[in-house]
Amino acid sequence: MIKVAPSILAADFTRLGEEVEDVRRGGADYIHYDVMDGEFVPNISMGLPVLKSLRESTDMFLDVHLMIDRPIRYVERFCDAGADLVNVHVEADREENICAALAKIRAKGKKCGITLKPATPAGAAEPFLGLVDLILVMTVEPGFGGQAFMTDMLDKLRVLRKRLDVVSPACELEVDGGVNGETAKLCVEAGANVLVAGSAIFGETDRAAAIRTIRTI
Ligand code: DX5
Ligand code: ZN
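Predicted, not measured: the structure shown is a model, and the values here were computed from it. (Residues numbered from 1 in each chain as written. Chains lettered and ligands numbered in written order. Predicted model: local features only at pLDDT ≥ 70, side-chain atom pairs only at ≥ 80, totals over all residues. Heavy atoms only, no water.)

**Student:** Please clarify how the site of ligand 1 should be interpreted in this entry.
**Tutor:** Ligand 1 sits among 20 residues. The nearest are Asp34, Gly143, Asp176, Gly198 and Ser199. Within the backbone of Gly146, an N or O atom sits 2.9 Å from an oxygen atom of ligand 1. Of all the secondary-structure elements, those providing two or more residues to the shell around ligand 1 are strand 2 (30-36), strand 3 (61-67) and strand 8 (194-197). Broken down by element, the residue count for the shell around ligand 1 peaks at three residues, all from strand 2. For the shell around ligand 1, the class distribution of residues is eight nonpolar, ten polar and two charged. (Near = heavy atom within 4 Å. Polar contact = N/O pair within 3.5 Å; in protein donor to acceptor, adjacent residues only side chain to side chain. Helix = DSSP H or I, 4+ residues; strand = E, 2+ residues; numbered from the N terminus. Nonpolar A, V, L, I, M, F, W, Y, C, P; charged D, E, K, R; others polar.)

The structure is reproduced here in structure tokens:
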């Protein structure tokens, strides 16, 4: 099943509750929540208090993408603030600390995931296969919305889907960055099943139509 995850980084923050309700009614499956620390990526977005408010105002599945250094320091707090899934970058710490962060998320009863930056090869996911519910492949450099999709990431998706089919078939494969009606099709053909989209959804007035366009294969 193909899932669409609107990234609220592109939403109107003065009306965040209404924006989330709009995409929920429009058929969104997850809400994608981008956390940036100004260190791991050259930008700062939102953090714990906004997530907590969001959790109080919606029952939607909250997919939290941590673009922060040494995420082990914060994963439990994001779980407590209401994340349903917490995702950490494999580049953000040593392998043992990433494994320990994933264990902390699981111990909180939440789903966990890893993310790969564009320059990180598919093989970097290997130590974490079987430990995660979702693998996110960045199709732009993390840090900013509205960038162009990197088509050379499609091979990485193919390799990962093939590997997951063997070792962890239930693991979801998500893409993030430059996803729109056209690039979504390429991602699904390459094996992705969760499609994150910011500007292609919140940049449109009819969010239900935008979600349908992204989901349509
Ligand atoms: C970028 C974020 C994305 C971003 C996607 O670092 O992780 O989730 O919001 O935005 P679009 O869909 O506009 O490329
Ligand atoms: Zn993201």
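**Student:** What should I look at first to understand the sheet that holds strand 2 in this one?
**Tutor:** Either a parallel or an antiparallel arrangement is found when strands of a sheet pair, and the pairing is made through backbone hydrogen bonds. Here eight strands make up an open sheet; going across it, the order is 1-8-7-6-5-4-3-2 and the pairing parallel. At either margin of the open sheet sits one strand with a lone partner, and together these are strand 1 (3-6) and strand 2. Across the sheet, the mean angle from the axis of one strand to that of its neighbour is 25°, orientation sign disregarded. Bridge count between strand 3 and strand 4 (residues 85-89): four bridges; the pairing is parallel. Of the residues in strand 4, the one forming a bridge with His65 is Asn87. (Pairing = 2+ DSSP bridges. Axes fitted to C-alpha atoms, helices over the stretch in contact; angles between N-to-C directions.)

**Student:** Explanation requested: the environment of Cys79 in the structure shown.
**Tutor:** The residue Cys79 is located in helix 3 (residues 75-80) in this model. Considering only alpha carbons, one finds Cys79 and Val64, 15 residues apart in sequence, at a separation of 9.3 Å. When sequence neighbours within four positions are dropped, the list of residues in contact with Cys79 reads Val86, Ile105, Lys108 and Lys110. (Contact = heavy atoms within 4.5 Å.)

**Student:** It is not clear to me how the coordination of the zinc ion (ligand 2) should be interpreted in this structure. Could you clarify?
**Tutor:** A metal bound by six donors in octahedral fashion has ideal angles of 90 or 180 degrees, whereas one bound by four tetrahedral donors has an ideal angle of 109.5 degrees. Coordination of the zinc ion (ligand 2) by the protein is provided by His32 (NE2), Asp34 (OD), His65 (ND1) and Asp176 (OD), with metal-donor distances spanning 2.0 to 2.3 Å. Taken together, the six donor atoms surrounding the zinc ion (ligand 2) define angles of 69 to 169° at the centre, an arrangement classified as octahedral. The sequence pattern describing where the donors of the zinc ion (ligand 2) fall on their chain is H-x1-D-x30-H-x110-D. With Asp34 in strand 2 and Asp176 in strand 7 (residues 172-176), this residue pair connects regions lying 142 residues apart in the sequence. In terms of burial, Asp34 and Asp176 fall into one category: buried. (Donors = N, O, S within 2.8 Å, 3.2 Å for Na, K, Ca; no water. Tetrahedral: all angles 85-135°; square planar, octahedral: opposite > 155°, others 65-115°. Buried < 20%, exposed > 50% of the residue type's maximum accessible area, 1.4 Å probe, protein only.)

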